Amino acid sequence: MQNILEVKDLKVSFHTYAGEVQAVRGVSFDLKEGEVLAIVGESGCGKSVTSQTIMRLIPSPPSVIKGGSILFGENKVDLLKLSSKEMESIRGSEIGMVFQDPMTSLNPTMTIGKQITEGLVKHQGLSKEKAQKQALELLTMVGIPRPQTRIKQYPHEFSGGMRQRVMIAIALACRPKLLIADEPTTALDVTIQAQILDLLKDLQEQTGSSIIMITHNLGVVAEIAQRVAVMYAGKIVEQGTVDDIFYRSQHPYTKGLLHSVLRLDDEEKGELVPIEGMPPDLLAPPEGCAFAARCPHALNICLKEDPQPQIVQGEHQAACWLLDERAQKTAVR
């Protein structure tokens, strides 16, 4: 399958009163046509900044893209080199986005119907009548009951789960090739989360769109993704298939994430094992591996040099000195 997206050595910083925050520090990954990629990691690791940079939605200033490229589509168009107007024609039509909190993402002064038809009229040149008809079809597709009535209502008249369904309808209105879902189930209760995930899976199979799922919930990853990229301190530390990450993980941070999650199939019902310590301050990132201070297996070199990604097998790769054949067995502490 052909790549629909290639992110190469992306670097994004934010200029603050305290100094330069290096939020994304050389992120690289690919996304194939029709594939679901999950980007996981704890809060502040740079996953949402990465997704918003792909959409060119991060404010400049205070943000600045320090380097890298984002190649999209068959013609490998670099999104970072497009003008604001050129990016507007892609955003919504070829790349859609579902945000974390639908209440703040939807316009409270506009009806749901108006917000869905807006993109159809702008990007596809449909008449208001045809856009209205398609909006009704979209509401039906995402499971909104009584669409003829609901289309005239405002966001505050919908529940959280229904608002998220509306956001998905808006994102899919122009049949984008790529859908980015940034923590789409975080603000919802567990039952509604499952419904939204099932909906995204069904819609992805129907439309064939590629999806980037941004999440910190490993349960979401297991449910919907084919491949996973694990982020820590602005970098991808491990990536591979879902099986690679869940059953053959190599990076100590990935293993720590998995051990800190409650498993229903754990017969021993052991205690959860937290990852000790705190993530590094990205105002002054450490010289070596960013995880070294929290890693129980750290080597001397981990504190001095940042490891490069190493291929484990196939598409599975991890950035860890423990995978280097020269790695010594002696830990720092």
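What you are looking at is a predicted structure, and each value in this text was computed from that prediction instead of being measured.

Trainee: Explain the layout of surface pockets to me, please; I cannot follow it from the model alone.
Mentor: Over the atoms, a rolling probe the size of a water molecule traces out where space has been left empty. In this structure, the largest pocket encloses a volume near 600 Å³. Surrounding the largest pocket, 24 residues form its lining, Gly92, Gln115, Glu118, Gly119 and Ile170 being those nearest its centre. Among the elements of the structure, strand S6 (95-98), helix H4 (112-124) and helix H7 (160-172) are those that each provide at least two residues to the lining of the largest pocket. Top contributing element to the lining of the largest pocket by residue count: H4, with seven residues. When grouped by side-chain class, the residues that make up the lining of the largest pocket number 14 nonpolar, seven polar and three charged.

Trainee: What exactly am I supposed to notice about helix H8 (residues 190-207) here?
Mentor: Think of an α-helix as turning once every 3.6 residues; residues three or four places apart then point the same way. Over its 18 residues, H8 extends 26 Å from the first C-alpha to the last, a length consistent with the 26 Å expected when each residue adds 1.5 Å. Regarding H8, the residues found buried are Gln193, Ile196, Leu197, Leu199, Leu200, Leu203 and Gln204. Mapping the buried residues of H8 onto a view down its axis gives an arc of 160 degrees, with all of them on the same face. What points out from H8, more than 90 degrees from its buried face, is the exposed set Thr191, Glu205 and Gln206. Taken together, the buried residues of H8 touch strand S3 (36-40), helix H5 (128-141), H7, strand S7 (178-182), strand S8 (210-215) and helix H9 (218-224). A side-chain oxygen of the first residue of H8 lies 3.2 Å from the backbone nitrogen of Thr191; this N-cap is Asp189. Where H8 ends, the next residue or the one after it, Gly208, has phi of about 75 degrees, a positive value.

Cut-offs and rules
- Residues numbered from 1 in each chain as written.
- Predicted model: local features only at pLDDT ≥ 70, side-chain atom pairs only at ≥ 80, totals over all residues.
- Heavy atoms only, no water.
- 1 Å grid on protein atoms, 1.4 Å probe; cavity = no way out; pocket = protein on both sides within 12 Å on 5 of 7 lines; lining within 4 Å.
- Points joined across faces, edges and corners; volume = space filled by probe spheres on them.
- Helix = DSSP H or I, 4+ residues; strand = E, 2+ residues; numbered from the N terminus.
- Nonpolar A, V, L, I, M, F, W, Y, C, P; charged D, E, K, R; others polar.
- Expected span 1.5 Å × (residues − 1).
- Buried < 20%, exposed > 50% of the residue type's maximum accessible area, 1.4 Å probe, protein only.
- Arc of directions from axis to C-beta.
- Contact = heavy atoms within 4.5 Å.
- Polar contact = N/O pair within 3.5 Å; in protein donor to acceptor, adjacent residues only side chain to side chain.

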